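Remarks on the overall topology
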Amino acid sequence: MSDRGVRWSAARVGPVGGAMVVFLAAGLAQAQPASSTASGEDVPPPRTHLEVFDLLPGERTQIPRQQTPPYRGFTDSSFMAQASVNAQGMNVIGDAANEPSIAIDPTAPNRMVITWRQFDTIASNFRVAGKAYSWDGGRTWTNNGPIDPGQYRSDPVTEADANGVFYHLALCGSGAGCSFTTDLFRSTDHGVTFPVSNYSIGGDKTWLLIDKIPGQGQGHIYQIWQPGFGPSPNQTFTRSINGGLSFQNPISVSSQFGVIANGPNHEVYVSSTVTGGFRVSRSTNASNPAQTPTFTGSTFSLGGSFGIGSGTDPNPAGILGMVWVDVDRSGGPRNGWVYALCSVDPSGTDRQDVYFARSTNNGQTWSSPIRVNNDPPASGSLQWFGTMSVAPNGRIDVVWVDTRESQNPRLGRIYYAYSEDGGDTWLGHEPLTPQWDSHVGWPQQNKIGDYYDMQSDLVGANLACATTLNGGQDVYYIRINDWDCNANGVGDATDISLGTAQDCNGNGIPDSCEIAAGTVPDTNNNGVPDACEVCEPDLTTGAIAGQPGYGIPNGVLNNEDFFYYLAQFAAGNIAVADLTTGAIAGQPGYGVPNGFITNDDFFYYLAIFGAGC
């Protein structure tokens, strides 16, 4: 990954580059004891419900909607744009948005959807499924209204399948009150609308995975939720093998505050906090539609205890981060390695750190935990909302909120680090945002949600996060490092500068990506946007001087263009008739005007007219 800098600026976009900080992580090679069972998943620690349905749509307080410009900013290696805007693309004063989830269309990576919990006013705790979509790689966002208007929705998770169909999983099914079930919504128009939904069982703090790996299991949809709630309080894993039209009877797996990830061979991994540590469970048969999935798992340490906020914590009524699991699917030397990460409370005075562990044998045993953040331990230095994703080339990306500079639990910046060697060495450790206050803009609950979400590609990462940089709780998109919209492992800016990708309109986005995303037409499917098509001999719409269209190309080559050129040649109109220095193709000056009109110009036009467009 390219070197990264630390400079921050608001409301403009900057180049990639700068310095890099190296942190050597020791001790990963030493394995830690791990308990492993094939059944009887560990009993999770007691917990209370994090979702409370306490206000109905009719009870929402109505306040005037004041608007301000949306927040945008950049560092040397990242770009940031507010996603939770209104229909006019503006920031709304007095609302709140948190718990973002991001999905990216693998067939056109510039097409993205971010969903979140949308509180129309902080005077109410009622929330709906907020949503915005982008077709230009997150540079701009369009919000055409919530997914399920007027209905209480929470715990949003959004995914895309291998064909670019977007899915949104939302807590609290249809009907009056909150049933603590989930519905799965589907969008076939690239995130513009989600008109179709199906009951998906579910429960509190749900998570979603869609298998996008070619082979048996591709298209399977997996869902987990927290134990103790919902229609199936002790069975917290379900699967759909028909695109989400229906879900199978749930089965048991440890899944508290966890997520789901695929291994390279369609294995399914589920993370969880459990009594005495953390747990990752693995299924090798979930991809087989004819079999009921079974899980085996192991319990291990992540260097501290899982944190639920309270008191003066940065997120008093929420958790301080999910338990993340992801897998190297690169096909390289670390293919199949399993990684776990969480913000934890370690022993000593340091209240919160980001810790990481890895397994090189499919989760059977785990390395000793490693502290990812590189600041000196201090009581006021908290690293919370640790979030991890693994790139297709095996790079591990990690972000968190960091209070090292303020030593104040509520004042932090989002930091980023990455590893390209399976966690032995961590690089970067750079802030992506200015400092912000996590206690600002709460709705009628004292938290800024419970999680961030991130997806990585060959060059960088796409982060959906919540901050208060615009004076209230809002959801943002951050692009870490350059874009790679054609998934060739080369940053788009480098592709364009080298000429390996074309950018005929000069907007910094390769033409092929705009065509794939549908933002520019290419009616003849030649890979060139229609607006950039150049037909040199097309000179006019009509051949009669003084008539409308005379001297204006119309995209059609016909005899009127030839007679128009003949007239301009005879009139000595250098601006039109001077086309070449020589008439021999391949020779110097061919097709280069020289300020004179000669027979070479006429024969040059005759040749290109005959060749057509």
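In case you missed it, the structure is sitting above this.
This structure is a prediction, so every number in the text was calculated from the model and none was measured.

Digging into the overall build of the protein chain
Scanning the protein chain from N- to C-terminus turns up five helices and 36 strands. Taking all contacts inside the protein chain whose residues are at least 6 apart in sequence as the whole, residues at least 24 apart take part in 56%. If you sum the accessible surface of the protein chain, you get close to 22700 Å²; carbon and sulfur atoms cover 55% of it.

Some thoughts on unusual backbone geometry
With phi around 75 degrees, H266 is a residue other than glycine that occupies positive phi space. Mapped onto the fold, H266 is located in the loop between β19 (260-262) and β20 (268-274). Residue H266 is classed as buried on the basis of its relative accessible area of 9%. With phi around 60 degrees, F385 is a residue other than glycine that occupies positive phi space. Judged by relative accessible area, which is 1%, F385 ranks as buried.

Digging into the environment of Y564
Looking at the secondary structure, you find Y564 in helix α3 (residues 559-571). Y564 gets classed as buried once you look at its relative accessible area, which sits at 9%. Taking C-alpha positions, Y564 is 8.3 Å from I544, a pair spaced 20 residues apart along the chain. Every residue in contact with Y564, bar those within four places of it in the chain, is listed here: L539, T540, Y550, G551 and V576.

Some words on helix α5 (residues 599-611)
The first and last C-alpha atoms of α5 sit 18 Å apart over 13 residues, in line with the 18 Å expected at 1.5 Å per residue. Among all positions of α5, only D601, F602, Y604, Y605, I608 and F609 are buried. Buried positions in α5, seen along its axis, are confined to an arc of 160 degrees and lie on one side of it. Turned more than 90 degrees off the buried face of α5, the exposed positions are N599, G610 and A611. Among the structural elements, α3 and α4 (574-577) are those in contact with the buried residues of α5. Where α5 ends, the next residue or the one after it, G612, has phi of about 75 degrees, a positive value.

Some remarks on the sheet that holds strand β12 (residues 154-160)
Strands sit in the order β12-β13-β14-β15 across an open sheet of four strands; the sheet is antiparallel. In the strand order of this sheet, the two ends are held by β12 and β15 (196-199), each with one partner. Here the strands of the sheet are splayed against their neighbours by 20 degrees on average, with no regard to which way each runs. Both strand β14 (residues 182-187) and β15 contribute to a ladder of four bridges, which runs antiparallel. Note on β15: the bridge partner recorded for F185 is S197.

Observations regarding the packing of aromatic side chains
Taken as a whole and judged by the stated rule, the model has 29 aromatic pairs. Here the aromatic rings of F79 and W483 are separated by 5.5 Å at their centres, their planes lie at 50 degrees, and the arrangement is tilted. Taken together, the positions of F79 in strand β7 (residues 78-82) and W483 in the loop between β36 (474-480) and α1 (492-498) put the pair 404 residues apart, joining distant regions of the chain. No difference in accessibility class separates F79 from W483, as the two residues are buried. Among the aromatic side chains, those forming a connected cluster through ring pairs are F562, F563, Y565, F569, F602, F603, Y605 and F609.

Some remarks on the state of the cysteines
On inspection of all chains with the given rule, the structure shows two disulfides. One disulfide bridge connects C485 with C513, the sulfur atoms lying 1.9 Å from each other. Residues C485 and C513 are joined through a disulfide that is right-handed, its torsion about the S-S bond being 85 degrees. Here C513 lies in helix α2 (residues 511-517) and C485 lies in the loop between β36 and α1, a separation of 28 residues in the sequence. Overall, C485 belongs to the buried group, its relative accessible area being 6%. Residue C513 is classed as buried on the basis of its relative accessible area, which comes to 5%. Note that C504 is cross-linked by a disulfide to C532, the S-S spacing being 1.7 Å.

Some thoughts on the pairing of strand β31 (residues 411-419)
For β31, the tally of buried residues reaches eight of nine residues, placing the bulk of the element in the interior. In this structure, strand β30 (residues 396-402) lies alongside β31, joined through seven bridges in antiparallel fashion. Considered in β31, the bridge of V398 is made with A417. Here two bridges tie β31 to strand β33 (residues 436-437), and the two strands are oriented antiparallel to one another. Looking across to β33, one finds that G412 is bridged to W436. Pairing analysis gives four bridges linking β31 to strand β32 (residues 425-431), with the strands arranged antiparallel. Following the sheet pairing, Y418 is matched in β32 by L427. Linking two consecutive strands that pair antiparallel, namely β31 and β32, is a turn of five residues; a positive phi of about 75 degrees is found at G422 within it.

What counts and what doesn't
- Residues numbered from 1 in each chain as written.
- Predicted model: local features only at pLDDT ≥ 70, side-chain atom pairs only at ≥ 80, totals over all residues.
- Heavy atoms only, no water.
- Helix = DSSP H or I, 4+ residues; strand = E, 2+ residues; numbered from the N terminus.
- Contact = heavy atoms within 4.5 Å.
- Areas by Shrake-Rupley, 256 points an atom, 1.4 Å probe, with all protein chains shown as cover.
- Buried < 20%, exposed > 50% of the residue type's maximum accessible area, 1.4 Å probe, protein only.
- Expected span 1.5 Å × (residues − 1).
- Arc of directions from axis to C-beta.
- Pairing = 2+ DSSP bridges.
- Axes fitted to C-alpha atoms, helices over the stretch in contact; angles between N-to-C directions.
- Phe/Tyr/Trp six-rings, centres within 6.5 Å; stacked < 30°, edge-to-face > 60°.
- Disulfide = S-S within 2.5 Å.

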